[in-house]
Amino acid sequence: MMHLIMAFSYWITLHNVCELGMIWCSNLGAAGLTAGVWIMFRMDVLPEHGGAFPVEIGGPFVTSITLGMMYGHTVNQTMMNIARGIAAVIILMHVALCFRLYSVAKPSMSRVNHTA
């Protein structure tokens, strides 16, 4: 479910900025849905098993800020270069999320030692 909400957050961000030109609606939608994904992840994964503070899940909100910088009213070359750098950071956030979810899934088949 977390992945579905995260994918919808990316879609609504791109739709609001690139197709409709509503940057603030994109920021609010991405912030709300990112908060929802954070809450889902936090409720699903215990802190001692890798669920403390998943900053890499904040990709949709960072994407919204980046697209706002790229498609804003007064865009200059410095803003565009910063936005491109942040876009590269978003890709690294996705790689970090893959590693976090891989480690949370316990692929080593070790026995879980906690109770609900």
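Just above, that's the structure.
Attention here is on the structure that accompanies the text. (Residues numbered from 1 in each chain as written. Predicted model: local features only at pLDDT ≥ 70, side-chain atom pairs only at ≥ 80, totals over all residues. Heavy atoms only, no water.)

Focus: the overall build of the protein chain
Turning to step 1, where the next piece is worked out: When you go through the protein chain residue by residue, the secondary structure sums to 4 helices and 0 strands.
Turning to step 2, where the next piece is worked out: A buried classification covers 29% of the 116 residues belonging to the protein chain.
Turning to step 3, where the next piece is worked out: Long-range contacts, defined as pairs at least 24 residues apart, comprise 69% of the intrachain contacts of the protein chain with a sequence gap of at least 6.
Turning to step 4, where the next piece is worked out: Summing over all exposed atoms, the protein chain offers an accessible surface of approximately 7500 Å²; the carbon and sulfur share of this is 71%. (Helix = DSSP H or I, 4+ residues; strand = E, 2+ residues; numbered from the N terminus. Buried < 20%, exposed > 50% of the residue type's maximum accessible area, 1.4 Å probe, protein only. Contact = heavy atoms within 4.5 Å. Areas by Shrake-Rupley, 256 points an atom, 1.4 Å probe, with all protein chains shown as cover.)

Some words on the packing of helix H1 (residues 2-20) against helix H2 (residues 23-44)
Turning to step 1, where the next piece is worked out: At a minimum axis distance of 8 Å, the contact between H1 and H2 shows a crossing angle of 175°. The orientation of H1 relative to H2 falls into the category roughly antiparallel. Contacts from Met2, Ile5, Met6, Phe8, Ser9, Ile12, Thr13, Asn16 and Val17 in H1 reach Ile23, Cys25, Ser26, Ala30, Leu33, Thr34, Val37, Met40 and Phe41 in H2. (Axes fitted to C-alpha atoms, helices over the stretch in contact; angles between N-to-C directions. Parallel < 35°, antiparallel > 145°, perpendicular 65-115°, else oblique.)

Brief notes about the nonpolar core
Turning to step 1, where the next piece is worked out: Of all hydrophobic cores here, the largest spans 9 residues; its members are Met2, Met6, Tyr10, Val37, Phe41, Val45, Ile57, Ile90 and Leu97.
Turning to step 2, where the next piece is worked out: Of all elements in the fold, only H1, H2 and helix H4 (77-104) reach the threshold of two or more residues within this core.
Turning to step 3, where the next piece is worked out: Top element by residues in this core is H1. It accounts for 3 residues.
Turning to step 4, where the next piece is worked out: Beyond its immediate chain neighbours, meaning those up to four positions away, Leu97 contacts Met6, Glu56 and Ile57. (Core = buried A, V, L, I, M, F, W, Y, C linked by side-chain atoms within 4.5 Å.)

Examining H1
Residues lying three or four places apart along an α-helix face the same way, a consequence of the helix completing one turn every 3.6 residues.
Turning to step 1, where the next piece is worked out: Under the 1.5 Å per step criterion, the end-to-end length of H1 is 26 Å for 19 residues, consistent within 8% with the ideal 27 Å.
Turning to step 2, where the next piece is worked out: Its buried side turned inward, H1 meets H2, helix H3 (59-70) and H4.
Turning to step 3, where the next piece is worked out: The positive-phi residue at the C-terminal boundary of H1 is Gly21, with phi of around 75°. (Expected span 1.5 Å × (residues − 1).)

Some remarks on the environment of Asn27
Turning to step 1, where the next piece is worked out: As for its placement among the helices and strands, Asn27 is situated in helix H2.
Turning to step 2, where the next piece is worked out: Classification of Asn27 by relative accessible area gives buried; the value is 11%.
Turning to step 3, where the next piece is worked out: Sequence separation of Asn27 and Thr13 is 14 residues, and the distance between their C-alpha atoms is 7.4 Å.

A word on H4
Turning to step 1, where the next piece is worked out: Between its terminal C-alpha atoms H4 stretches 40 Å, which fits the 40 Å expected from 28 residues at 1.5 Å a residue.
Turning to step 2, where the next piece is worked out: Among the residues of H4, Met80, Ala83, Ile90, Met93, Leu97 and Arg100 are the ones counted as buried.
Turning to step 3, where the next piece is worked out: On its buried face, H4 is in contact with H1, H2 and H3.

Comments concerning the pattern of salt bridges
Pairing of side chains with opposite charge becomes possible as their charged atoms draw close.
Turning to step 1, where the next piece is worked out: If you walk through the whole model with that rule in mind, you get 1 salt bridge.
Turning to step 2, where the next piece is worked out: For Glu56, the salt bridge is made with Arg100, and the minimal N-O distance between the two is 2.1 Å. Of the two residues, Glu56 is situated in the loop between H2 and H3 and Arg100 in helix H4; the sequence distance between them amounts to 44 residues. Considered together, Glu56 and Arg100 belong to a single accessibility category, that of buried residues. (Salt bridge = Lys/Arg side-chain N within 4 Å of Asp/Glu carboxyl O.)

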